Amino acid sequence: MKKHNFFAGPSILPQFTIDETIKGIQDFDGTGLSVLEISHRSKQFIAVVDEAKSLFKELLNIPDNYSVLFLGGGASTQFLMLPFNLMNKKAAYLNTGAWAAKALKEAKYFGEVVEVASSKDKLYNYIPKGYSVPEDADYFHITTNNTIYGTEIFEDFDCKVPLVADMSSDIFSRTIDVSKYAMIYGGAQKNLAPSGVTFVIIRNDILGHVERPIPTMMNYQTHIDSESMFNTPPVLPIFSALQTLRWLKAQGGVEAMEKRNIEKANFLYDEIKRNKCFQPTIKDTTDRSRMNICFIMNDGYEAFEKEFLDLAGENDMMGLKGHRSVGGFRASTYNALPKESVEALVALMKEFEAKH
Ligand SMILES: *Cc1c(COP(=O)(O)O)cnc(C)c1O
């Protein structure tokens, strides 16, 4: 039996994705060759990229004036490609976690960065509100889901300057209004594919407004013009991403995912609240992530942290240890995690409570 996979990333993928990837590695689309050893310019692989793009557009309702790109380098490379392409003099950033801070740091190489608000003072355990974004900023950057700390921004809000979002860990987990964003990007290894591919959704008219020259590989326009084929793209991760996108569609799309994700998250948060041994790290329920559920031992039960982790391991639950900067536990409940895994965790928490 497969173990319960609560890892934060790389993380659980649908069994369908894994099975179809194995098939493609053995014989890709009846070519008699493995997807590992075929030209990225073959018509079969171009069809993979085309279908993956059109499923992105369909599943997220992406308007026609946007491009979808599949690039290498991870979300971390987007931290610098973004200001390279979009920032003339000034950009605004919301500092909601370690990834947000890393994105902000890279932007400083390109001009003035305004940190409009930060929750660092409280170990990033809330989403700042009531801040204002300078209207002369070239864009405003947010991280919608803070994978390490377990907070999430759910609202696609109106913004006077172009809004850019790192959605590495919540893309496809809930419906979004893409038209509110100038750009959305993320590493695929949290909710979509094995590591190695990065998606970028970008509104075409946002490009071409900066004065600096942009080296070819760093220029989004290069990748738009060449349909993500300027250089060799991450072939296998894109192939796997396509399988996940097909699975998503067959499951009823993003709306169906959202419904399941709400159920899973509520089920676990309710138990964390009820159980005398545990408490959530994010107290404001409106800020709580549905993808990364963080909790710690309750007051007086701190000494039992290791015991619970060991018990989880003995019960085939993997990846529950919280990030080293937060401690405690983190259950990542991405799309592919079945409700049964959350139920197993909740049952174990109840058992643990009865013992103490
Ligand atoms: C994991 C993660 C990243 C880093 O992604 P890489 O692909 O490893 O560069 C960036 N942002 C968020 C929100 C993440 O969860």
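Along each chain, numbering runs from 1 in the same order as the chain's sequence is written. At least 70 in pLDDT is required for a residue's local features to be given in this predicted model, at least 80 for side-chain atom pairs to be given and counted, and no such filter applies to totals for whole chains, interfaces and linings, which use all residues. Each side-chain value is worked out from all heavy atoms of the structure, with water and hydrogens disregarded.

A. Region of interest: the overall build of the chain. Broken down by element type, the chain carries nine helices and 14 strands. Computation of the radius of gyration draws on C-alpha atoms, with the globule rule given as 2.2 Å multiplied by the number of residues to the power 0.38. Here the chain has a C-alpha radius of gyration of 21 Å; the compact-globule value for 356 residues is 21 Å, and the two agree. Burial classification: accessible surface area is computed with a 1.4 Å probe over protein chains only, and a residue below 20% of its type maximum counts as buried, one above 50% as exposed, and the rest as partly exposed. For the chain, with 356 residues in total, the buried portion stands at 56%. Any two residues whose heavy atoms approach within 4.5 Å at even a single point are treated as in contact. Contacts in the chain between residues far apart in sequence, at least 24 positions, make up 66% of those at least 6 positions apart. Put simply, DSSP marks the helices as runs of H or I at least four residues long and the strands as runs of E at least two long, and each gets a number from the N terminus on.

B. Region of interest: the side chain of Asn-292. Along the chain, Asn-292 turns up in strand S12 (residues 292-297). The term polar contact refers here to a pair of N or O atoms within 3.5 Å; inside protein, the definition further demands a hydrogen-donor-capable atom paired with an acceptor-capable atom, and it admits residues adjacent in sequence only when both atoms are side-chain atoms. Engagement of the side chain of Asn-292 in a polar contact is seen with the side chain of Asn-145, the distance being 2.7 Å.

C. A look at the environment of Lys-120. For Lys-120, the position within the fold is in the loop between strand S4 (112-118) and strand S5 (140-143). On the accessibility criterion, Lys-120 (56% relative accessible area) is exposed. Along the backbone, Lys-120 and Thr-175 are 55 residues apart, and their C-alpha atoms lie at a distance of 28 Å.

D. Seen up close, the site of the ligand. For this purpose, a residue is taken to be near a molecule or strand whenever a single non-hydrogen atom of the residue falls within 4 Å of it. With respect to spatial proximity, 13 residues lie near the ligand, and among them Ser-76, Thr-147, Asp-166, Gln-189 and Lys-190 are the closest. Between a nitrogen atom of the ligand and a side-chain N or O atom of Asp-166, the distance comes to 2.6 Å. In these tables, accessible area is a Shrake-Rupley quantity obtained with a 1.4 Å probe, and a residue counts as shielded only by the protein chains included in the view. When the ligand sits alone it has 390 Å² of accessible area, and the protein chains cover 88% of it. When residues in the shell around the ligand are grouped by element, the largest group, four residues, is from helix H3 (residues 74-86).

E. Layout of the sheet that holds strand S9 (residues 183-187). Here we have seven strands laid out as an open sheet, ordered S2-S10-S9-S8-S5-S3-S4, and mixed in their pairing. Unpaired on one side and paired on the other, strand S2 (66-71) and S4 mark the two borders of the sheet. Mean inter-strand twist for the sheet, computed between neighbouring axes without regard to direction, equals 20 degrees. Where strand S8 (residues 163-166) meets S9, three bridges bridge the pair, whose relative direction is parallel. Within S9, the position partnered with Ala-165 by the bridge is Ile-184. Think of each axis as a best-fit line through the C-alpha atoms, taken over the contacting stretch in the case of a helix, with angles from 0 to 180 degrees between the N-to-C directions. Where helix H4 (residues 98-107) meets the sheet, its contacts fall on strand S3 (90-95), S4, S5, S8 and S9, and the angle it forms with S3 comes to roughly 165 degrees. In this description, strands pair whenever DSSP reports at least two bridges between them.

F. The arrangement of the pairing of S4 in detail. The pairing of S3 with S4 spans six bridges and is parallel. From the neighbouring strand, Ala-91 faces S4, where its bridge partner is Val-113.

G. Inspection of the domain arrangement of the chain at higher detail. With domains assigned, the chain is organised as domain 1 (15-250) and domain 2 (254-355). Each of domain 1 and domain 2 has a C-alpha centre, and these two points are 28 Å apart. Put simply, buried area is the surface a 1.4 Å probe can reach on two separate parts but cannot reach once they are joined, added for both. Carbon and sulfur atoms make up 55% of the surface buried where domain 1 meets domain 2, a total of about 2100 Å² over both sides. Sorting the residues of domain 1 by area buried against domain 2 places Ile-148, Phe-154 and Trp-247 first, and these three jointly supply 22% of that buried surface. Any carboxyl oxygen of Asp or Glu that lies within 4 Å of a side-chain nitrogen of Lys or Arg is treated as forming a salt bridge with it. Here domain 1 and domain 2 share one salt bridge between them. Among the ionic pairs, Lys-129 bridges to Asp-287, the shortest N-O distance being 2.9 Å. Among the elements of the structure, helix H2 (43-60), strand S7 (151-152) and helix H6 (235-250) are those that each provide at least two residues to the side of domain 1 that touches domain 2. The residue makeup of the side of domain 1 that touches domain 2, split by class, is twelve nonpolar, nine polar and five charged. Annotation comment: domain bounds sourced from an automatic or database domain assignment. Throughout, the ten residues Ala, Val, Leu, Ile, Met, Phe, Trp, Tyr, Cys and Pro are labelled nonpolar, Asp, Glu, Lys and Arg are labelled charged, and all others, Gly among them, are labelled polar.

H. The arrangement of the pattern of salt bridges in detail. Within this structure, the stated rule accounts for 18 salt bridges. Between Glu-51 and Arg-246 there is a salt bridge, with its nearest N and O atoms 2.8 Å apart. With Glu-51 in helix H2 and Arg-246 in helix H6, the pair connects residues that are 195 residues apart, well separated along the chain. Overall, the relative accessible area of 28% leaves Glu-51 in the partly exposed class. Among the ionic pairs, Glu-227 bridges to Lys-53, the shortest N-O distance being 3.3 Å. Pair noted here: Glu-227 is in the loop between helix H5 (220-225) and H6 and Lys-53 is in helix H2, with a separation of 174 residues, a long-range link. Assessed through its relative accessible area of 45%, Glu-227 is described here as partly exposed. Taken together, the shared-partner salt bridges connect Glu-271, Arg-274, Lys-350 and Glu-353 into one network.

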